[in-house]
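# A look at the structure
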Amino acid sequence: MTDASKSTVHARWRELAAHGGAATLIAAVVLFLFQEVISNLGFQSRETFWLYLRVQQYAAELFAGHFPPRVFPDAVAGGGSAFPYYHPPLAYWLSAFVGLLTGDRVSGVNTSFLLSVLLSGWAMYGMGMALTGRRWLALMSALFYVCLPYRFVAVFVLGALEQSWTFVWYPLILTGAWWTATRERLAWLLPVSVAALLLTHAVLALYFLGLCVLLLVGCRAWLGWRGVGRVTAGGALGVAMTLWHFLPSQLALEDVWAGVPEMMRSLPELVHGHRVQPWQWFEQDPNRWNGISTFGLDSMCFALGAGQWLTLVLAAASHAVLARRGKVEGDARLTPVAKTLAVLWVGCLVYMAAPLPFLLMLPPAFSYIQYPWRMLSVTAFLSIAATGLFLARAPILPRLGRVIAGAAVVLALATPPFQRVNSLVWDWDDAAIDPWTLYLNGASGFTAWGEYLPRTHPVHQWMARVSLPVASPEGIRVLSAERDGSRLSARVEAPQGGSLVLPLVAYDFYRASRDDEEALETFSEQGLLGVRLLPGNYTLTVEPGATPAERVGTWLGVAALGLVLVLANRRRARAPARPGSGGPG
């Protein structure tokens with residue numbers, strides 16, 4: 001090995017050590033700020049104990065080998081609710097897997113919250129390095145990203161598992177888009193992150209991807225139409241990769257209460273009633289750290305935090321002064337990105353304060369955000385990303401940068417204690433998730449509104465409908481029956497055949513078979529699942545299965561994934577990378 005190669009190897013090891021040190025520092029800060037969530041007890045939030053019960057149901061289905069889960073088998077007195085079929089599943093899958101690994105579903109949920117914060121900090125650090133190449137700047141951005149007030153609201157006040165995981169995907173999407181644009185070939189990170197965001201929180205993904213389209217418009221001058229098309233195609237492939245879930249669920253949405261805007265509080269006027277008052281962006285009243293939501297004023301903390309608005313204002317102002325004096329440095333492509341992100345940040349604030357004019361112009365799907373303050377997760381990313389990119393063009397020496405990063409550590413650790421405290425409930429542990437608890441809390445499918453139950457009956461009538469004894473028709477005998485999650489097996493004796501109604505909520509995805517071979521016809525009998533039995537004695541099996549729409553969506557998703565792999569591995573000659581444009585795709 002030559003001296004030059006030895007020097008290169010040593011430099012790489014030093015770089016890896018520096019990245020490892022930054023990642024460790026971020027992890028230490030996250031553990032300090034969110035240490036309250038490290039517990040095997042559940043904590044009181046706006047989601048109450050339902051959050052833990054949902055994850056338990058996902059874990060039970062995954063443990064039974066039912067993938068993907070399509071129904072909560074213990075909901076509605078055992079009748080089942082199709083929450084997993086309609087709801088974006090990724091955050092719950094991750095939490096369920098952690099719960100299965102630890103053997104404790106409650107600590108699995110808490111650990112999932114912690115991982116969402118930690119991974120979001122690392123993702124922001126990676127984005128900072130990919131776009132700017134400045135370690136101190138990437139570290140500062142990551143630390144501010146994990147300590148903004150809404151991060152604690154999302155975890156401790158709202159118990160918003162899905163929102164907490166969206167923070168991970170925002171920086172990864174921008175990183176993937178940057179690599180795709182600057183390397184002039186698709187980076188696999190872009191479609192994968194887009195798919196992950198959609199499968200985590202579909203409505204926030206709708207908003208964020210819409211903002212990404214505006215970002216492309218703002219950067220069209222240096223991207224060119226080919227660059228815009230390349231990034232757009234990457235995002236479209238990410239959307240296609242999720243069709244296995246969204247195609248069947250959206251086609252069947254009108255069958256359940258979630259398809260009724262009034263039921264979902266998703267009419268523009270109702271959304272406008274939960275707008276954020278501008279003074280709430282600057283209020284840090286400890287008495288508002290609760291999850292109370294009322295029409296006209298939501299009594300929660302919606303403070304932006306100085307790390308969001310003050311640093312952005314200072315960074316934008318300093319960039320304007322330096323640009324006027326001709327003292328900016330680094331990659332000039334970062335400036336239009338930073339400016340567009342800052343404009344989008346202001347636009348999001350205006351939307352949260354007055355959403356009605358926007359919602360009247362946008363498609364109805366945008367009203368499913370229900371609460372405009374959910375956009376605080378998006379504004380948190382926009383502000384920190386814009387701040388970092390403005391500062392990336394400032395002539396800041398590495399020594400001063402390290403001082404700034406150190407100040408960011410101090411500010412993060414100085415987060416007020418009242419923001420970092422949750423309300424542990426002494427008897428909310430894994431043992432509390434027993435059949436009686438599932439029965440008492442499952443009347444509406446482990447949600448507040450029962451939106452994923454069929455519209456055949458009002459939500460409050462479903463428990464009685466399922467619990468009503470169903471007599472076997474004359475000539476049909478059920479000799480034995482057993483359930484394994486959502487799978488029902490029964491030994492039946494039907495000499496003449498006939499129709500058998502089961503105490504299961506009827507959904508189109510249920511499949512019935514004779515001795516696991518011959519398919520049987522299913523139907524709905526006043527909302528309950530019925531099976532037309534063939535003559536004979538055999539084992540009747542009823543379980544969720546793939547619908548035709550799901551099969552089509554799966555094939556389209558597989559095709560999109562294959563295209564991503566092909567395009568991401570294409571080799572082409574590249575011009576020397578500009579500063580901050582490198583990184584693995």
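Residues numbered from 1 in each chain as written. Predicted model: local features only at pLDDT ≥ 70, side-chain atom pairs only at ≥ 80, totals over all residues. Heavy atoms only, no water.

## With respect to the environment of V76
- Inspection of the secondary structure puts V76 in the loop between α2 (50-63) and α3 (83-86).
- Taking C-alpha positions, V76 is 4.6 Å from A443, a pair spaced 367 residues apart along the chain.
- Those residues in contact with V76, other than ones at most four positions away along the chain, are S81, G442, A443, G445, L453, W462, M463 and V466. (Helix = DSSP H or I, 4+ residues; strand = E, 2+ residues; numbered from the N terminus. Contact = heavy atoms within 4.5 Å.)

## A word on the packing of aromatic side chains
- This model, assessed by the stated rule, comprises 36 aromatic pairs.
- Aromatic pair F43 and Y52: ring centres 6.5 Å apart, planes at 90°, arrangement edge-to-face.
- Judged by relative accessible area, F43 falls into the buried class, the value being 1%.
- Clustering of aromatic rings is evident, with ring pairs tying together Y58, F72, F83, Y85, Y86, Y92, F446, Y452, Y507, F509 and Y510. (Phe/Tyr/Trp six-rings, centres within 6.5 Å; stacked < 30°, edge-to-face > 60°. Buried < 20%, exposed > 50% of the residue type's maximum accessible area, 1.4 Å probe, protein only.)

## Some words on the nonpolar core
- Judged by nonpolar contacts, the single largest core of 196 residues is most densely connected at F34, M375, F381 and V542.
- Excluding anything up to four places from it in sequence, V542 contacts S486, R487, L488, L502, L504, Y510, R511, A512, L529 and V531. (Core = buried A, V, L, I, M, F, W, Y, C linked by side-chain atoms within 4.5 Å.)

## Comments concerning helix α5 (residues 105-132)
- In this model, α5 (28 residues) spans 40 Å end to end at C-alpha, consistent with the 40 Å of a helix rising 1.5 Å per residue.
- α5 sits mainly inside the fold: 23 of its 28 residues count as buried.
- Backbone nitrogen of V106 and a side-chain oxygen of the N-cap are separated by 3.0 Å at the start of α5; the cap is D104.
- Where α5 terminates, the next one or two residues include G133, which has phi positive at roughly 75°. (Expected span 1.5 Å × (residues − 1). Polar contact = N/O pair within 3.5 Å; in protein donor to acceptor, adjacent residues only side chain to side chain.)

## Some remarks on the packing of α5 against helix α17 (residues 376-392)
- As a packed pair, α5 and α17 sit with axes 11 Å apart at the nearest point and diverge in direction by 35°. Here α5 runs over α17; the crossing is right-handed. Between α5, through M124, M127, L131 and T132, and α17, the contact on the second element is made entirely by F381, I384, A385, L389 and A392.
- Classifying every residue of the contact of α5 with α17 gives eight nonpolar, one polar and no charged. (Axes fitted to C-alpha atoms, helices over the stretch in contact; angles between N-to-C directions. Left-handed = near helix turned anticlockwise from the far one by under 90°. Nonpolar A, V, L, I, M, F, W, Y, C, P; charged D, E, K, R; others polar.)

## As for the layout of surface pockets
- Estimates place the volume of the largest pocket at around 1,300 Å³.
- Lining the largest pocket we find 45 residues, and of these H87, V203, M264, Y368 and Y452 sit closest to its centre.
- Counting only elements with at least two residues in the lining of the largest pocket, the list comes to α2, α3, α8 (161-183), α10 (202-218) and α12 (243-251).
- Partitioning the lining of the largest pocket into residue classes produces 28 nonpolar, 11 polar and six charged.
- When its volume is computed, the second largest pocket comes out at roughly 550 Å³.
- What lines the second largest pocket is a set of 29 residues, among which F144, A306, G307, T311 and L411 lie closest to the centre.
- Elements with a contribution of two residues or more to the lining of the second largest pocket: α6 (135-147), α14 (306-324), α17 and α18 (398-413). (1 Å grid on protein atoms, 1.4 Å probe; cavity = no way out; pocket = protein on both sides within 12 Å on 5 of 7 lines; lining within 4 Å. Points joined across faces, edges and corners; volume = space filled by probe spheres on them.)

## Quick notes on the side chain of T387
- Summarising the element assignment, T387 is placed in helix α17.
- The class for T387 is buried, based on a relative accessible area of 2%.
- Leave out the neighbours within four places in its chain, and T387 touches M140, T311, L312 and A315.

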